[in-house]
Amino acid sequence: MRVKAKLYPKEAARLLREQPGVREAVTGATLHFEANRKRAYQEIDAEAWRERARRVKDHLLTHLDHYLELAEKRLQEKGVQVHWAEDPEEAHRILREIVARHGVKRAVKAKSMLTEELGVNPLLESLGVEVYETDLGEYLIQLLGEPPSHIVGPAIHLALSDIQRLFHQRFGTPLDASPEALAAVARKVLREAFLTADLGISGANFLVAETGTLALMENEGNIRLSTSLPRVHVAFVGIEKLLPRFADLALFLPLTARAATGQRLSTYVSLIQGPAKEGEEGPQEVHVVLVDHGRTALLHDPEAWEVLRCLRCGACLNACPVYRQTGGHPYGYVYSGPIGAVLDPGLLGLEDTYPLPYASTLCGACYEACPVKIPIPKLLLAWRNRAVERGLAPTWEKGAMQAFAKVMQSPSLYRLLSKALRGFPLPQDLLPLLKAWTEGRGPLQPSPKPFHQLWQELKE
Amino acid sequence: MRVALFITCLADQFYAEAGVATVRLLRALGVEVDFPEEQTCCGQPAFNAGHWNEARHLAQRTLGIFQDAEYVVLPSGSCASMVKNHYLELLPGDGEALRLSEKTYELSQFLVRVLGVTELGKGLQGKTIAYHHGCHALRELGVKEEPLLLLKNSGAEILPWEAAEECCGFGGLFSVKLPEVSLAMADRKISTLPKADALTSTDAGCLLHLTGRMGKQGRNMRVVPLATLLWEAYAG
């Protein structure tokens, strides 16, 4: 997909100005998710669960080659065809070959962020394959031609009225149709697609190396249908999504559900153990495509690798007051919010994503929410430091910081500035930094005397 | 007991009275107060923006200035966290940074945890207060109960505030790098703010940002640093 992360500051400002409804929809939904998460964390020893999950993921990531080999072996023993894709082009080649071999005309897709990374939908469409997103939110944005705005709730930015208008145009439903009526229309369309599709595509929440088990979590039942009704199932799995042991699911399934939506467990959990055997119903072929797409390089980055623990639960997005103002679109890539701000530079390079590490106030709410304790603020700081070292900071900022440091290293200069702040009215509208501040907040009003002057009177 | 006061540059320039209140309060509690006059800024703005070379020089300066202090107290949660937590990242393996980290406290944290003071007086009897948890005080220093305890015990009522623990959108350079998002965040805080006699917090930056935004919206409310209120709690 085309990466538009460089435009983040402009796009965020534009969205706030032109689409105020998005802010309202996203704030409402994320506050709701966030309250649910907090409640769900209170029911457990969240700190112990998170620490345990962190350790399992760190063990996995530090022995990734071993577990990848083990997973491949176990999957093959179960009759799964395993493929490796280093980049989107390789993933495309694999998928193109499967489509051609089976004469695929129609595909149903379970929601998957990795397939967004790989651009699976545009590829299938270019091959003449009709693709249906089957997660309700994902289906809505597919109809609108938009990318997901949130990892778990792709259509989080839409209001009910947006969906009513969309369905009115597409399916002729009344403009005041109830959510239930709208869901019924989508269900009818998607059911037809499930029953006639030749190919089902999914991601995976987890791939257990010990047993070669794909684990998929959902609330709507569409993932189960996408992966069991069509005769061919292809799962795209990021290499970091592995878990060492089957028993680890007992921690990760409920922890992910609590973090994502505040549920104790998602409504459906599918554990896929290979294609249907003789006499069983289910897909005749199961393919697992293990995708790198920048992950190995990131794993070897000592300052940034911890982001690979990510479970894609979206808890950090729900907790983030910055994300809440705009939703995910201005971030300009698949992963938005706090996790996007540290994952996107890792996957795509800092040059193409420079502003993203600055899309945070470092408030730390993301770290508090993260089920695997990814130190997002620390990673943001590391990326920022790197951005400055690579000369990506704008000239005005570099100049301002050098001047700031010069003044602050010299008490006499500092005192001079202090006098200037009071003595002469500052040209507040001329300096760009000051202007950005004063426009929304009015002029700065210093104390009549600075403290260091008042101290002289306090000394005696 | 002797305390070296790190007043922080923002408080020095914009909330000088809060510095005076801090001195008076500590003295009233029997603490000797120093104000090393060479001090300027802890380096936080540069550090948070990624300009670590600049920040490192300021950190080293600060280490020298407070080298001999018994305790270092700051009326600011984020600057306290900068000194206590981030100097260690900026100057890894520096023993002086570790020693400074161990003796540095935010003001309310120092009062409650070191001095063991939980009641200052009844000076805030009948006052209603909205308390904004500065993010770094709350999540990096773990300062949550201390300010509330001191305020409550002086007779103030802390009003429930849905967004009390949410970031106000200041974020240092964030406020000018992403001004529209920063203001939208302030608006969310302000729109949920209860009608109180005063809005307070540990951090001058948050207060400057919120005061400015409220002024722009024509909303009038007393906005005052925690240190000032704590002195009022004592002195009446």
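Residues numbered from 1 in each chain as written. Chains lettered and ligands numbered in written order. Predicted model: local features only at pLDDT ≥ 70, side-chain atom pairs only at ≥ 80, totals over all residues. Heavy atoms only, no water.

- Looking at an unreviewed UniProt entry, one finds chain B named (Fe-S)-binding protein and attributed to Thermus tengchongensis.

**Focus on the UniProt feature "domain: Cysteine-rich" (unreviewed entry) in chain B**
Residue and element names in this part refer to chain B.
Okay, step 1: Those places that UniProt annotates as "domain: Cysteine-rich" (unreviewed entry) correspond, in this numbering, to residues 3-84 and 129-210.
Okay, step 2: Counted over residues 3-84, helix gives 56% and strand 12%. Its end C-alpha atoms are 16 Å apart.
Okay, step 3: Spanning residues 129-210, this segment combines 48% helix with 11% strand, and its end C-alpha atoms are found 15 Å apart. (UniProt positions renumbered as here; feature names shortened; annotations may be inferred. Helix = DSSP H or I, 4+ residues; strand = E, 2+ residues; numbered from the N terminus.)

**Digging into the layout of surface pockets**
Residues and elements named next belong to chain A.
Okay, step 1: As a volume, the second largest pocket reaches approximately 1,300 Å³.
Okay, step 2: Around the second largest pocket, the lining is made up of 50 residues, and of these Asp135, Val152, Gly153, Pro154 and Glu220 lie nearest the centre.
Okay, step 3: Here the residues of the lining of the second largest pocket are counted per class, giving 30 nonpolar, 12 polar and 8 charged. (1 Å grid on protein atoms, 1.4 Å probe; cavity = no way out; pocket = protein on both sides within 12 Å on 5 of 7 lines; lining within 4 Å. Points joined across faces, edges and corners; volume = space filled by probe spheres on them. Nonpolar A, V, L, I, M, F, W, Y, C, P; charged D, E, K, R; others polar.)

**Quick word on the packing of helix 1 (residues 8-18) of chain A against helix 11 (residues 179-191) of chain B**
Okay, step 1: The geometry of helix 1 of chain A relative to helix 11 of chain B is characterised by a closest axis approach of 8 Å and an angle of 45° between their N-to-C directions. Taken together, the axis directions place helix 1 of chain A and helix 11 of chain B in an arrangement best described as oblique. From helix 1 of chain A, A:Ala12, A:Ala13 and A:Leu16 reach across to helix 11 of chain B, where they touch B:Glu180, B:Val181 and B:Ala184.
Okay, step 2: A per-class count over the contact of helix 1 of chain A with helix 11 of chain B returns 5 nonpolar, no polar and 1 charged. (Axes fitted to C-alpha atoms, helices over the stretch in contact; angles between N-to-C directions. Parallel < 35°, antiparallel > 145°, perpendicular 65-115°, else oblique. Contact = heavy atoms within 4.5 Å.)

**A word on the sheet that holds strand 5 (residues 128-131) of chain B**
All names here are of chain B.
Okay, step 1: Judged by pairing direction, the sheet is parallel, and its 4 strands sit side by side in the order 6-5-7-8 without closing on themselves. Of all the strands in the sheet, the pair left with one neighbour each is strand 6 (157-158) and strand 8 (223-225).
Okay, step 2: Pairing of strand 7 (residues 198-201) with strand 8 involves 3 bridges; the strand directions are parallel. Bridge pairing links leucine 199 to valine 223 in strand 8.
Okay, step 3: Here helix 9 (residues 145-152) sits on the sheet and contacts strand 5, strand 6 and strand 7; the angle it forms with strand 5, its principal contact strand, is near 175°. (Pairing = 2+ DSSP bridges.)

**Observations regarding unusual backbone geometry**
Residue and element names in this part refer to chain A.
Okay, step 1: Even without being a glycine, histidine 293 presents a positive backbone phi close to 45°.
Okay, step 2: Looking at the secondary structure, you find histidine 293 in the loop between strand 10 (285-291) and helix 13 (295-299).
Okay, step 3: Owing to a relative accessible area of 14%, histidine 293 belongs among the buried residues under this scheme.
Okay, step 4: You will see that arginine 312, though not glycine, has its phi angle at about 60°, which is positive.
Okay, step 5: Looking at arginine 312, the relative accessible area reads 12%, which means it is buried. (Buried < 20%, exposed > 50% of the residue type's maximum accessible area, 1.4 Å probe, protein only.)

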